[in-house]
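Residue-level structure breakdown
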Amino acid sequence: MFITYSIALLCVLGIAAGQILFKLSAAALQASGSFFDVRTAATLLSAFALYGITTIGWVWVLQKADLGKVYPLMALAFVLVPLGSHFVFGERFQPMYFLGVALIMAGIVVALRA
């Protein structure tokens, strides 16, 4: 079961990284004005590829574990994506955001122990 949960966590990381790549591709699209720009296309295709690989990994996880047991891990994306946006894009958060993160983390712990 350790391997299954490890792969599930990798899937969550992949989803979060994919969201950052989508934001980077949106910025590249805004700068270039074209999906055919090399930077825009490469970033967007990288995001699609990462999502595809992550989806295959998630299907493997679902073969090994109950959806209700592993799905709460997906809530970690609500923590990881904003953290990534802070470090990659310099986005800032209000103090209430951190309360929300703490509640999400508590919810994940409760759900996984249920």
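Residues numbered from 1 in each chain as written. Predicted model: local features only at pLDDT ≥ 70, side-chain atom pairs only at ≥ 80, totals over all residues. Heavy atoms only, no water.

On to the packing of aromatic side chains, then. Working definition: an aromatic ring pair is given by the centre-to-centre distance plus the angle between the planes. Per the counting criterion, the structure on display carries four aromatic pairs. Considering the side-chain rings of phenylalanine 22 and phenylalanine 48, the 5.8 Å spacing of their centres and the 65° angle between planes classify their relative orientation as edge-to-face. Placement of phenylalanine 22 in helix α1 (residues 2-32) and of phenylalanine 48 in helix α2 (residues 38-64) is noted, with a sequence separation of 26 residues between them. For phenylalanine 22, a relative accessible area of 22% translates into the label partly exposed. Both rings, one in tyrosine 97 and one in phenylalanine 98, keep their centres 5.3 Å apart while their planes meet at 80°; by these two values the pair is edge-to-face. Accessibility expressed as a relative area gives 49% for phenylalanine 98, which makes it partly exposed. Three or more aromatic residues joined by ring pairs form one cluster here, namely Phe22, Phe48 and Tyr51. (Phe/Tyr/Trp six-rings, centres within 6.5 Å; stacked < 30°, edge-to-face > 60°. Helix = DSSP H or I, 4+ residues; strand = E, 2+ residues; numbered from the N terminus. Buried < 20%, exposed > 50% of the residue type's maximum accessible area, 1.4 Å probe, protein only.)

Okay, the packing of α1 against α2 next. Two elements in contact, α1 and α2, have axes whose closest approach is 8 Å; the angle formed by their N-to-C orientations is 160°. Classified by the angle between their axes, α1 and α2 sit roughly antiparallel to one another. You can see that α1 and α2 cross each other, and the crossing is left-handed. Residue composition of the contact of α1 with α2, grouped by class: 19 nonpolar, eleven polar and two charged. (Axes fitted to C-alpha atoms, helices over the stretch in contact; angles between N-to-C directions. Parallel < 35°, antiparallel > 145°, perpendicular 65-115°, else oblique. Left-handed = near helix turned anticlockwise from the far one by under 90°. Nonpolar A, V, L, I, M, F, W, Y, C, P; charged D, E, K, R; others polar.)

Let us look at a nonpolar patch on the surface. Among the surface-exposed residues, Phe2, Ile3 and Trp60 lie close enough to one another that they form a single nonpolar patch of about 360 Å² accessible area. For phenylalanine 2, the location among the structural elements is in helix α1. Phenylalanine 2 gets classed as exposed once you look at its relative accessible area, which sits at 67%. (Patch = residues over 30% accessible without salt bridge, like charges linked within 9 Å, V, L, I, M, F, W, Y side chains within 5 Å. Areas by Shrake-Rupley, 256 points an atom, 1.4 Å probe, with all protein chains shown as cover. Salt bridge = Lys/Arg side-chain N within 4 Å of Asp/Glu carboxyl O.)

Take the side chain of threonine 4 next. With respect to the helices, strands and loops of the structure, threonine 4 is situated in helix α1. What makes threonine 4 buried here is its relative accessible area of 6%.

The subject of this paragraph is the packing of helix α4 (residues 77-89) against helix α5 (residues 95-113). Running from N to C, α4 and α5 cross one another at 145°; their axes reach a closest spacing of 9 Å. Only Tyr97, Val101, Ile104 and Met105 of α5 make contact with α4, whose side of the interface consists of Phe78, Val79, Pro82 and Leu83. Partitioning the contact of α4 with α5 into residue classes produces eight nonpolar, no polar and no charged. (Contact = heavy atoms within 4.5 Å.)

It is worth spelling out the environment of glutamine 19 at this point. Take glutamine 19: it is sitting in helix α1. Look at glutamine 19 and you get partly exposed, because its relative accessible area is 34%. Separated by 58 residues in the primary sequence, glutamine 19 and alanine 77 place their C-alpha atoms 9.3 Å from one another. Among all residues touching glutamine 19, those that are not within four sequence positions of it are Tyr51 and Val81.

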